[in-house]
Amino acid sequence: MSMVTCQISMSLDGFVAGPDQSLQDPVGRGGLRLHEWMFATDRWREGHGVDGGGPGVDADVVEDMIRDVGAYVMGRRMFGGGDGPWDESWRGWWGDDPPFRTPVFVLTHHPRSPLPMAGGTEFRFVTDGIRSALDQARKAAGGRAVSIAGGASTVRQYLAAGLIDTLQLHVVPIVLGAGERLFVDVGEPDLEQVRVVAGPTVTHVTYRVRR
């Protein structure tokens, strides 16, 4: 059965998005600072069709994040486009050639036909809950890993349900002061630390979620 993984950037005070999230500012005020370490890597830029960036510890972590992932699950807000019935002109934040290169299962309350994109990404919209989305993702992954891509609410639901096998936190040395926390209403997950990697501006901590 496919391993279920999750990786997410978090501030020192526990926020994975800043305050005042909106269509114009999807990760909230100051939230992009959580991801600057990743934007600076050549591996991330290559996946997004952008030149530049550099190698190093953080680039190796990005490579590990996407290695052997056969499908993704994300929430409606991470895919974007606002609430309510779909405006089908909205095709996600990532342009016509998203970086996923695999099926992506989007949790939503509103049906929408599958959305094939360039490069092998296909967004498939799931209206019957997190377990259905995971079952479909596992089938699509064909034994490869399933990555719970976010956002925070989606990760919390999968943590609370005990459906994540490994959780990787990229701990960024900033204080956001407000926003969206990861560890709220997730019960008491039993986390076993299995790896710590110190990057130049961020610490990557990997946990096994014990049953």
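Provided above is the structure to which this section pertains.
Here is a short report on the structure shown in this document. Keep in mind it's a predicted model, so treat the numbers as computed, not measured.

Attention shifts here to the sheet that holds strand β6 (residues 122-126). The strand order across the open sheet formed by nine strands is β5-β6-β4-β3-β7-β1-β8-β11-β10, and the pairing between neighbours is mixed. The open sheet terminates on both sides in strands that have one partner only, identified here as β5 (115-116) and β10 (190-198). Pairing between strand β1 (residues 4-11) and strand β8 (residues 166-172): seven bridges, direction parallel. Looking at the pairing, S11 lines up with V172 of β8.

Within the secondary structure, C6 sits in strand β1. Sequence separation between C6 and R29 is 23 residues; the distance between their C-alpha atoms is 23 Å.

Between its first and last C-alpha atoms helix α5 (residues 130-141) spans 16 Å; for 12 residues at 1.5 Å apiece the expected length is 16 Å, and the two agree. Of the positions making up α5, those classed as buried are I130, S132, A133, L134, A137 and A141. Where α5 is buried, its residues touch β1, β3 (69-75), β4 (103-107), β6, β7 (145-150) and α6 (152-160). Positive phi appears at G142, one or two residues downstream of α5, with a value of about 60°.

A separate point is the environment of V69. Take V69: it is sitting in strand β3. Residue classification places V69 among the buried positions, given a relative accessible area of 3%. In this structure the C-alpha to C-alpha distance between V69 and T121, which are 52 residues apart in sequence, comes to 12 Å.

Moving on, we come to unusual backbone geometry. Cis peptide bonds are those with omega within 30 degrees of zero, and the linkage from G150 to G151 qualifies with 0°. By the element assignment, G151 lies in the loop between β7 and α6. Phi at D68 is positive, roughly 65°, even though this residue is not glycine. Relative to the elements of secondary structure, D68 occurs in the loop between α3 (57-66) and β3. Given the relative accessible area of 44%, D68 is considered partly exposed. Positive phi, normally seen in glycine, also occurs at D185, with a value near 55°. A residue is classified by how much of its surface remains accessible, and D185, at 73% relative accessible area, is exposed.

Calculation rules
- Residues numbered from 1 in each chain as written.
- Predicted model: local features only at pLDDT ≥ 70, side-chain atom pairs only at ≥ 80, totals over all residues.
- Heavy atoms only, no water.
- Pairing = 2+ DSSP bridges.
- Helix = DSSP H or I, 4+ residues; strand = E, 2+ residues; numbered from the N terminus.
- Expected span 1.5 Å × (residues − 1).
- Buried < 20%, exposed > 50% of the residue type's maximum accessible area, 1.4 Å probe, protein only.
- Contact = heavy atoms within 4.5 Å.

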